[in-house]
Amino acid sequence: MEEILNQLIDTSTIPLFTALLLGLLTSVSPCTFTTNVMVLAFIGKDVEDGKRSFINGLVYIIGRIVTYTLLGVFCIFIIREGASTFNVQIFVSENGGYVLGPTFVLFGLFLLFGEKIPLKKFGFHATERSKQLTGTFGAFVLGLLFALAFCPISGVFYFGMLLPMSAVETGGYLFPVVFAIGSSIIVVLIAWIVSFSISRLGKLYNWVTIIQKRANIVVGIAFIIAGLYYFCVYYLHIFTTLE
């Protein structure tokens, strides 16, 4: 897959298409595996409603578009003024994990215990808040934050290839939008297909409720484990040799 995309990039003469290919390469790169698994699990957990999973996937893409576009506008302006975005890349890459760790843990806790958390004193019901955080709004937040989870490979694609190209091309501010779509569309489609397939199977055998409950437990635990890993790496500086 990566070899095919690389060949297409080498032969592409259309900058906008190149931006899409760079996004696709980012989505299949090994260093984004952790976040991709989390997104697949989160979006695909609504096994009783494939349509909802698809909508959440679209909202997740919108979240990525917002982050990549705002960051891109800022960096393209810097490049066109003759400065380097290297310091921006280093700052985002080194600090993204500080946000992802707590976010993973928070989402995991809401998936596991959202209906039991006593939040009425803040003016809303726990069930309403947990559904918002773990539903469409949650997908948007994940899109915003996961776009900042740059690793060396995705950092090179975005800061080293996409942004310099965007700075010299007419309409370059649109390139980060296309990059965002490319970086998430495969993961979103896989999650929707899996969720839709399980949904039909669940309705056929009346297993939907059981599958949904187990999915929430598995996804919640997975989020907490991933969050603790990021917390150990960025806050406690454990496992840094694995980065």
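The protein chain carries the name Sulfite exporter TauE/SafE family protein in an unreviewed UniProt entry, which gives Segatella hominis as its organism.

Some remarks on the overall build of the protein chain
Counting its regular elements, the protein chain contains ten helices and zero strands. Walking the protein chain from its N terminus toward its C terminus, one meets helices and strands in the order α-α-α-α-α-α-α-α-α-α. Counting every atom, the protein chain has about 12800 Å² of accessible surface; 69% of that belongs to carbon and sulfur.

Let's talk about a nonpolar patch on the surface
Side chains of Ile14, Leu16, Phe17 and Leu174 sit close together on the surface and give an oily, nonpolar patch of about 340 Å² of accessible area. For Leu174, the position within the fold is in the loop between helix H8 (152-168) and helix H9 (175-205). Taking the relative accessible area as the measure of exposure, Leu174 reaches 46% and is therefore partly exposed.

Remarks on the packing of helix H5 (residues 86-113) against helix H7 (residues 136-146)
Between H5 and H7, whose axes approach to 11 Å, the crossing angle comes to 160°. By the angle between their directions, the pair H5 and H7 is classed as roughly antiparallel. Along this stretch, H5 crosses H7, giving a crossing that reads as left-handed. Between H5 and H7, the residues in contact are Val99, Leu100, Thr103, Phe104 and Phe107 and Gly138, Val141, Leu142, Leu145 and Phe146, respectively. By residue class, the composition of the contact of H5 with H7 is eight nonpolar, two polar and no charged.

With respect to the nonpolar core
Membership of the largest hydrophobic core comes to 50 residues, with the highest contact counts inside it found for Tyr60, Phe104, Phe146, Tyr158, Phe159, Leu162 and Phe223. Those elements giving two or more residues to this core turn out to be helix H2 (15-28), helix H3 (33-44), helix H4 (50-80), H5, H7, H8, H9 and helix H10 (208-234). Those residues in contact with Tyr60 that lie beyond four places of it in its chain are Val39, Ile43, Ala139, Leu142, Gly143, Phe146, Ser184 and Val188.

As for the packing of aromatic side chains
For the coordinates displayed, the defined rule picks out twelve aromatic pairs. Relative to Tyr158, the ring of Tyr68 has its centre 5.1 Å away and its plane inclined at 35°; by these criteria the two rings are tilted. Residue Tyr68 is found in helix H4, and its partner Tyr158 is found in helix H8; the two are separated by 90 residues along the sequence. Taking 5.1 Å as the distance between ring centres and 80° as the angle between the ring planes, the aromatic pair formed by Tyr158 and Phe159 counts as edge-to-face.

Describing the UniProt feature "transmembrane region" (unreviewed entry) in the protein chain
The feature "transmembrane region" (unreviewed entry), as annotated in UniProt, sits at residues 20-43, 55-79, 99-117, 137-161, 173-194 and 215-236 in this numbering. Helix and strand shares over residues 55-79 are 100% and 0% respectively, and the end C-alpha atoms of the span are 35 Å apart. Secondary structure within residues 173-194 divides into 91% helix and 0% strand; the distance between the first and last C-alpha atoms comes to 34 Å.

Overview of the side chain of Ser184
When you line up the elements, Ser184 lands in helix H9. In this structure Ser184 comes out as buried when scored by relative accessible area, which is 0%. Sequence-distant contacts of Ser184, defined by excluding residues within four places in its chain, comprise Tyr60, Ile61 and Arg64.

Some details on empty space enclosed by the protein
Regions of empty space are outlined by a rolling probe, equal in size to a water molecule, passed over the atoms. This structure, assessed with the given rule, holds one cavity of 30 Å³ or more. The volume enclosed by the largest cavity comes to roughly 80 Å³. Forming the walls of the largest cavity are Thr26, Ser27, Thr32, Thr35, Asn36, Arg64, Tyr68, Phe146, Ala147, Ala149, Ser154 and Ser183. Its residues placed into classes, the lining of the largest cavity shows four nonpolar, seven polar and one charged.

A short note on the environment of Leu100
Along the polypeptide, Leu100 turns up in helix H5. Separated by 134 residues in the primary sequence, Leu100 and Tyr234 place their C-alpha atoms 9.8 Å from one another.

Section: the packing of H2 against H8
Packing of H2 against H8 brings their axes to within 10 Å, and their N-to-C directions diverge by 170°. One finds that H2 runs roughly antiparallel with respect to H8. Listed contacts from H8 to Pro15, Thr18, Ala19, Leu22, Leu25 and Thr26 of H2 are Ser154, Phe157, Met161, Leu162 and Met165. For the contact of H2 with H8, the per-class residue count stands at eight nonpolar, three polar and no charged.

Reading the values: the criteria
Here the residue numbers are simple positions, counted from 1 along each chain's written sequence. Given that the model is predicted, a residue must reach a pLDDT of at least 70 before its local features are reported, and side-chain atom pairs must reach 80 or more before they are shown or counted; all residues, however, enter totals for whole chains, interfaces and linings. Values shown for side chains rest on all heavy atoms present in the structure; no hydrogens or waters enter the calculation. Note on conventions: DSSP H or I runs of at least 4 residues are helices, E runs of at least 2 residues are strands, and numbering of each starts at the N terminus. Each accessible area value is a Shrake-Rupley result obtained with a 1.4 Å probe; residue values ignore everything except the protein chains displayed when judging cover. Patch definition: residues with relative accessible area over 30% and no salt bridge; like charges joined within 9 Å; nonpolar side chains (Val, Leu, Ile, Met, Phe, Trp, Tyr) joined within 5 Å. For this document, the term salt bridge refers to a Lys or Arg side-chain nitrogen within 4 Å of an Asp or Glu carboxyl oxygen. Burial status follows relative accessibility: with a 1.4 Å probe on protein chains alone, a residue under 20% of its type maximum counts as buried, one over 50% as exposed, and anything between as partly exposed. Between the N-to-C directions of two axes lies an angle of 0 to 180 degrees, each axis being a line fitted to C-alpha atoms and, for a helix, fitted only over the stretch in contact. Angles below 35 degrees are treated as roughly parallel, those above 145 as roughly antiparallel, those between 65 and 115 as roughly perpendicular, and all remaining angles as oblique. Less than a right angle of anticlockwise turn of the near helix away from the far helix marks a crossing as left-handed, whereas a clockwise turn marks it as right-handed. Contacts: residue pairs with any heavy atoms within 4.5 Å of one another. Residues are sorted three ways: Asp, Glu, Lys and Arg are charged, Ala, Val, Leu, Ile, Met, Phe, Trp, Tyr, Cys and Pro are nonpolar, and all the rest, Gly among them, are polar. Residues belong to a common nonpolar core when they are buried Ala, Val, Leu, Ile, Met, Phe, Trp, Tyr or Cys residues joined through side-chain atoms within 4.5 Å. Two rings from Phe, Tyr or Trp (for Trp, the six-membered ring) form a pair when their centres sit within 6.5 Å of each other. Planes less than 30 degrees apart are called stacked, planes more than 60 degrees apart edge-to-face, and all others tilted. UniProt positions are given in the numbering used here, feature names are shortened, and annotations may be inferred rather than shown by experiment. Space inside and on the surface of the protein is sampled on a 1 Å grid over the protein atoms alone, with a cavity defined as a set of points where a 1.4 Å probe fits but cannot get out and a pocket as an open set with protein on both sides within 12 Å along at least 5 of 7 lines; lining residues have an atom within 4 Å of a point. Grid points are joined across faces, edges and corners, and a volume is the space filled by probe spheres set on the points.

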